[in-house]
Amino acid sequence: MTARFELHGFAYSGPTYKVALTLSLMSESFDYVHVNMMAGEHKQPPHLSRQRYGQVPLLLDRNNGRYLCQSAAILEYLADMTGKFGGASLDERLQVREWLYWDFDRLAAPLYKARVIKLGFRKAPPEVADDCFQAAKAGLGVLETHLAGRQWLVGEGMTIADIDVYGVVAFAGEAGIDLADYPQILAFTQRVEALPGFKARADLLPMESRAAA
Ligand SMILES: N[C@@H](CCC(=O)N[C@@H](CS)C(=O)NCC(=O)O)C(=O)O
(Lines give C-alpha, C1' and ligand atoms only; values in the text may rest on other atoms or scores of the structure.)
Protein backbone atom coordinates (compact mmCIF):
# COMPACT_ATOMS: atom_id res chain seq x y z
CA MET A 1 0.00 0.00 0.00
CA THR A 2 1.29 3.49 -0.87
CA ALA A 3 2.32 5.45 2.22
CA ARG A 4 0.30 8.60 2.89
CA PHE A 5 3.39 10.76 3.50
CA GLU A 6 6.62 11.42 1.60
CA LEU A 7 9.35 13.16 3.59
CA HIS A 8 12.20 14.94 1.79
CA GLY A 9 15.20 15.56 4.01
CA PHE A 10 18.82 15.13 4.86
CA ALA A 11 20.22 12.58 7.30
CA TYR A 12 22.00 15.08 9.56
CA SER A 13 19.16 17.61 9.63
CA GLY A 14 17.61 18.19 13.05
CA PRO A 15 14.40 19.69 11.61
CA THR A 16 14.03 16.66 9.29
CA TYR A 17 14.45 14.39 12.30
CA LYS A 18 11.68 16.25 14.18
CA VAL A 19 9.22 15.45 11.37
CA ALA A 20 10.39 11.85 10.91
CA LEU A 21 10.15 11.21 14.66
CA THR A 22 6.67 12.73 14.83
CA LEU A 23 5.50 10.45 12.00
CA SER A 24 7.06 7.45 13.70
CA LEU A 25 5.46 8.23 17.08
CA MET A 26 2.13 8.66 15.27
CA SER A 27 2.60 5.22 13.62
CA GLU A 28 2.46 6.89 10.18
CA SER A 29 4.76 5.20 7.69
CA PHE A 30 6.42 7.43 5.11
CA ASP A 31 8.53 7.24 1.98
CA TYR A 32 11.82 9.02 2.48
CA VAL A 33 13.48 11.09 -0.25
CA HIS A 34 17.15 11.88 0.35
CA VAL A 35 17.94 15.48 -0.65
CA ASN A 36 21.65 15.62 -1.46
CA MET A 37 22.49 18.91 0.25
CA MET A 38 26.22 18.37 -0.41
CA ALA A 39 25.39 18.58 -4.13
CA GLY A 40 23.10 21.60 -3.57
CA GLU A 41 19.89 19.76 -4.53
CA HIS A 42 17.95 21.85 -2.01
CA LYS A 43 18.68 24.97 -4.10
CA GLN A 44 17.70 23.41 -7.45
CA PRO A 45 14.33 24.02 -9.20
CA PRO A 46 12.65 20.66 -8.51
CA HIS A 47 13.03 21.12 -4.75
CA LEU A 48 12.65 24.93 -4.76
CA SER A 49 9.35 24.68 -6.62
CA ARG A 50 7.91 22.90 -3.58
CA GLN A 51 10.03 24.37 -0.78
CA ARG A 52 10.25 28.12 -1.35
CA TYR A 53 12.98 28.54 1.33
CA GLY A 54 15.37 26.08 -0.32
CA GLN A 55 15.59 24.05 2.87
CA VAL A 56 14.73 20.66 4.26
CA PRO A 57 12.42 19.22 5.50
CA LEU A 58 9.61 19.09 2.97
CA LEU A 59 6.57 16.85 3.48
CA LEU A 60 4.05 15.69 0.89
CA ASP A 61 0.63 14.60 2.13
CA ARG A 62 -0.59 12.31 -0.67
CA ASN A 63 -4.15 12.42 0.69
CA ASN A 64 -4.54 15.97 -0.62
CA GLY A 65 -1.35 16.76 -2.60
CA ARG A 66 -0.14 19.39 -0.12
CA TYR A 67 3.57 20.14 0.14
CA LEU A 68 4.46 21.47 3.59
CA CYS A 69 7.59 23.09 4.93
CA GLN A 70 8.95 24.50 8.21
CA SER A 71 9.23 21.70 10.75
CA ALA A 72 7.14 23.36 13.49
CA ALA A 73 4.33 24.10 11.01
CA ILE A 74 4.53 20.49 9.78
CA LEU A 75 4.24 19.16 13.35
CA GLU A 76 1.14 21.30 13.90
CA TYR A 77 -0.31 20.07 10.60
CA LEU A 78 0.29 16.43 11.54
CA ALA A 79 -1.32 16.98 14.95
CA ASP A 80 -4.34 18.59 13.26
CA MET A 81 -4.63 15.81 10.66
CA THR A 82 -4.25 12.87 13.03
CA GLY A 83 -5.77 14.33 16.20
CA LYS A 84 -2.64 13.18 18.07
CA PHE A 85 -0.25 15.10 20.33
CA GLY A 86 -1.73 18.55 19.69
CA GLY A 87 -2.75 19.27 23.28
CA ALA A 88 -5.91 18.36 25.20
CA SER A 89 -7.58 21.81 25.21
CA LEU A 90 -7.33 25.23 23.57
CA ASP A 91 -5.10 26.43 26.42
CA GLU A 92 -2.78 23.47 25.92
CA ARG A 93 -2.69 24.00 22.17
CA LEU A 94 -1.74 27.63 22.72
CA GLN A 95 1.05 26.61 25.09
CA VAL A 96 2.26 24.00 22.59
CA ARG A 97 2.49 26.72 19.94
CA GLU A 98 4.33 28.99 22.38
CA TRP A 99 7.00 26.32 22.94
CA LEU A 100 7.34 25.73 19.20
CA TYR A 101 8.07 29.44 18.64
CA TRP A 102 10.38 29.62 21.64
CA ASP A 103 12.27 26.53 20.55
CA PHE A 104 13.31 27.80 17.14
CA ASP A 105 14.13 31.24 18.54
CA ARG A 106 16.06 30.39 21.70
CA LEU A 107 17.08 26.74 21.59
CA ALA A 108 17.25 25.22 18.10
CA ALA A 109 18.91 28.17 16.39
CA PRO A 110 21.92 28.43 18.71
CA LEU A 111 22.23 24.72 19.48
CA TYR A 112 22.06 23.61 15.84
CA LYS A 113 24.62 26.31 14.93
CA ALA A 114 26.92 25.24 17.77
CA ARG A 115 26.57 21.66 16.51
CA VAL A 116 27.45 22.34 12.86
CA ILE A 117 30.43 24.42 13.96
CA LYS A 118 31.61 21.71 16.37
CA LEU A 119 31.17 19.00 13.72
CA GLY A 120 33.17 21.12 11.25
CA PHE A 121 30.29 21.51 8.76
CA ARG A 122 30.54 25.29 9.11
CA LYS A 123 33.51 27.58 9.80
CA ALA A 124 33.06 30.35 12.37
CA PRO A 125 35.37 32.62 14.37
CA PRO A 126 35.82 31.43 17.98
CA GLU A 127 33.72 34.30 19.39
CA VAL A 128 30.76 33.36 17.12
CA ALA A 129 31.11 29.70 18.11
CA ASP A 130 31.17 30.71 21.77
CA ASP A 131 28.10 32.98 21.36
CA CYS A 132 26.11 30.05 19.92
CA PHE A 133 27.36 27.72 22.65
CA GLN A 134 26.41 30.14 25.44
CA ALA A 135 23.02 30.93 23.89
CA ALA A 136 22.29 27.19 23.57
CA LYS A 137 23.16 26.70 27.23
CA ALA A 138 20.89 29.61 28.19
CA GLY A 139 18.02 27.94 26.29
CA LEU A 140 18.72 24.63 28.01
CA GLY A 141 18.62 26.48 31.35
CA VAL A 142 15.08 27.71 30.62
CA LEU A 143 14.02 24.19 29.70
CA GLU A 144 15.66 22.66 32.76
CA THR A 145 13.76 25.04 35.07
CA HIS A 146 10.43 24.41 33.33
CA LEU A 147 10.76 20.62 33.45
CA ALA A 148 11.31 20.49 37.23
CA GLY A 149 8.37 18.54 38.65
CA ARG A 150 6.86 17.92 35.20
CA GLN A 151 6.91 14.96 32.82
CA TRP A 152 6.10 16.92 29.67
CA LEU A 153 6.29 20.54 28.55
CA VAL A 154 2.53 21.07 28.40
CA GLY A 155 -0.22 19.37 30.42
CA GLU A 156 -0.07 15.75 31.47
CA GLY A 157 0.71 14.04 28.17
CA MET A 158 3.33 14.14 25.45
CA THR A 159 2.70 16.70 22.71
CA ILE A 160 4.40 17.90 19.54
CA ALA A 161 6.11 20.54 21.72
CA ASP A 162 8.02 17.69 23.39
CA ILE A 163 8.97 16.12 20.06
CA ASP A 164 10.03 19.50 18.71
CA VAL A 165 12.28 20.20 21.68
CA TYR A 166 13.56 16.62 21.81
CA GLY A 167 14.65 17.03 18.19
CA VAL A 168 17.06 19.68 19.42
CA VAL A 169 18.28 18.43 22.78
CA ALA A 170 19.05 15.05 21.19
CA PHE A 171 21.94 16.85 19.44
CA ALA A 172 23.35 18.58 22.54
CA GLY A 173 26.23 16.10 22.79
CA GLU A 174 27.27 16.80 19.20
CA ALA A 175 27.25 20.52 20.07
CA GLY A 176 29.69 19.81 22.93
CA ILE A 177 27.10 20.11 25.71
CA ASP A 178 26.82 17.37 28.32
CA LEU A 179 23.19 16.75 29.31
CA ALA A 180 24.43 15.32 32.61
CA ASP A 181 24.59 18.99 33.64
CA TYR A 182 20.81 19.19 33.02
CA PRO A 183 19.24 16.31 35.00
CA GLN A 184 15.62 17.30 34.25
CA ILE A 185 16.32 17.44 30.51
CA LEU A 186 18.23 14.16 30.65
CA ALA A 187 15.26 12.46 32.35
CA PHE A 188 12.94 14.04 29.76
CA THR A 189 15.01 12.61 26.88
CA GLN A 190 14.79 9.18 28.51
CA ARG A 191 10.99 9.49 28.73
CA VAL A 192 10.79 10.36 25.02
CA GLU A 193 13.13 7.50 24.10
CA ALA A 194 10.88 5.05 25.98
CA LEU A 195 7.77 5.98 23.95
CA PRO A 196 6.33 3.36 21.57
CA GLY A 197 7.45 4.23 18.05
CA PHE A 198 10.54 6.13 19.16
CA LYS A 199 13.49 5.80 16.77
CA ALA A 200 16.91 7.42 16.79
CA ARG A 201 17.91 9.77 13.96
CA ALA A 202 20.19 7.24 12.27
CA ASP A 203 17.35 4.69 12.14
CA LEU A 204 14.87 7.13 10.60
CA LEU A 205 17.08 9.10 8.20
CA PRO A 206 19.36 7.13 5.87
CA MET A 207 21.78 8.75 3.40
CA GLU A 208 19.65 7.47 0.53
CA SER A 209 16.00 7.43 -0.44
CA ARG A 210 13.91 4.64 1.09
CA ALA A 211 10.37 3.43 0.53
CA ALA A 212 8.07 3.00 3.54
CA ALA A 213 8.43 -0.43 5.19
N1 LIG B 1 13.02 26.65 10.34
C2 LIG B 1 13.29 25.58 9.41
C3 LIG B 1 14.79 25.35 9.40
C4 LIG B 1 15.18 24.31 8.39
C5 LIG B 1 16.69 24.28 8.18
O6 LIG B 1 17.44 25.10 8.72
N7 LIG B 1 17.12 23.30 7.40
C8 LIG B 1 18.51 23.26 7.05
C9 LIG B 1 19.02 21.82 7.15
S10 LIG B 1 19.04 21.30 8.84
C11 LIG B 1 18.66 23.70 5.61
O12 LIG B 1 17.88 23.30 4.77
N13 LIG B 1 19.67 24.52 5.36
C14 LIG B 1 19.95 25.03 4.06
C15 LIG B 1 19.64 26.49 3.96
O16 LIG B 1 19.08 27.07 4.90
O17 LIG B 1 19.96 27.07 2.92
C18 LIG B 1 12.55 24.30 9.83
O19 LIG B 1 12.35 24.13 11.03
O20 LIG B 1 12.16 23.51 8.97
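Residues numbered from 1 in each chain as written. Predicted model: local features only at pLDDT ≥ 70, side-chain atom pairs only at ≥ 80, totals over all residues. Heavy atoms only, no water.

1. Looking at the site of the ligand
Okay, so step 1: Taken together, S13, P15, M37, H42, K43, G54, Q55, V56, P57, Q70, S71 and F104 make up all the residues around the ligand.
Okay, so step 2: At a separation of 2.6 Å, an oxygen atom of the ligand approaches a polar side-chain atom of K43.
Okay, so step 3: At 2.6 Å, a side-chain N or O of S71 approaches an oxygen atom of the ligand.
Okay, so step 4: With respect to the detected pockets, the ligand is housed in the largest pocket.
Okay, so step 5: Of the residues that constitute the shell around the ligand, the class distribution is 5 nonpolar, 6 polar and 1 charged. (Near = heavy atom within 4 Å. Polar contact = N/O pair within 3.5 Å; in protein donor to acceptor, adjacent residues only side chain to side chain. 1 Å grid on protein atoms, 1.4 Å probe; cavity = no way out; pocket = protein on both sides within 12 Å on 5 of 7 lines; lining within 4 Å. Sits in = over half its atoms within 2 Å of the grid points. Nonpolar A, V, L, I, M, F, W, Y, C, P; charged D, E, K, R; others polar.)

2. Thoughts on the domain arrangement of the chain
Okay, so step 1: Taken domain by domain, the chain holds domain 1 (5-84 + 198-204) and domain 2 (90-193).
Okay, so step 2: A C-alpha centroid distance of 20 Å is found between domain 1 and domain 2.
Okay, so step 3: Tallying the contact residues gives 15 residues for domain 1 and 18 residues for domain 2.
Okay, so step 4: Where domain 1 abuts domain 2, roughly 1,500 Å² becomes buried across the two surfaces, and 72% of that area is made up of carbon and sulfur atoms.
Okay, so step 5: It is K18, E76 and F198 in domain 1 that bury the most area against domain 2; as a group they hold 37% of the surface buried on that side.
Okay, so step 6: Counting every contact that joins domain 1 to domain 2 gives 3 salt bridges.
Okay, so step 7: One salt bridge in this structure joins K18 and D103, with 2.9 Å as the shortest N-O distance.
Okay, so step 8: Summed over the shared surface of domain 1 and domain 2, the number is 4 residue pairs in polar contact (both at pLDDT 80 or more).
Okay, so step 9: Of all elements in the fold, only α1 (14-25) and α3 (71-82) reach the threshold of two or more residues within the side of domain 1 that touches domain 2.
Okay, so step 10: Among the elements that take part in the side of domain 1 that touches domain 2, α1 stands out by supplying 7 residues, more than any other. (Domains from an automatic or database assignment. Contact = heavy atoms within 4.5 Å. Buried area = accessible area lost by both parts, 1.4 Å probe. Salt bridge = Lys/Arg side-chain N within 4 Å of Asp/Glu carboxyl O. Helix = DSSP H or I, 4+ residues; strand = E, 2+ residues; numbered from the N terminus.)

3. Remarks on helix α6 (residues 160-169)
Okay, so step 1: In terms of burial, α6 is a largely internal element, 10 of the 10 residues being buried.
Okay, so step 2: Among all positions in α6, only I160, A161, D162, I163, D164, V165, Y166, G167, V168 and V169 are buried.
Okay, so step 3: Of the surrounding elements, those touching the buried residues of α6 are α1, α3, α4 (90-118), α5 (126-147) and α7 (183-193). (Buried < 20%, exposed > 50% of the residue type's maximum accessible area, 1.4 Å probe, protein only.)

4. A short note on the pattern of salt bridges
Note on pairing: side chains with opposite charge can pair once their charged atoms come close.
Okay, so step 1: All chains considered together, the criterion is met by 8 salt bridges.
Okay, so step 2: Where E6 meets R62, a salt bridge forms, and the shortest distance between an N and an O atom there is 2.7 Å. Taken together, the residues span a long stretch of sequence, with E6 in strand β1 (residues 5-9) and R62 in the loop between β3 (58-61) and β4 (66-69) at a distance of 56 residues.
Okay, so step 3: E6 sits in the buried class, given a relative accessible area of 15%.
Okay, so step 4: Between D164 and K18 there is a salt bridge; the shortest N-O distance is 3.1 Å. Of the two residues, D164 sits in helix α6 while K18 sits in helix α1, which places them 146 residues apart along the sequence.
Okay, so step 5: The exposure class of D164 is buried, given its relative accessible area of 1%.
Okay, so step 6: Given a relative accessible area of 0%, K18 falls into the buried group.
Okay, so step 7: By sharing partners, the salt bridges in this structure join E6, D31 and R62 into a single network.

5. Some remarks on α4
Okay, so step 1: Between its terminal C-alpha atoms α4 stretches 40 Å, which fits the 42 Å expected from 29 residues at 1.5 Å a residue.
Okay, so step 2: When the local axis directions of α4 are compared, the greatest deviation, roughly 50°, occurs at D103. (Expected span 1.5 Å × (residues − 1). Bend = angle between axes of the 7 residues up to and from the residue.)

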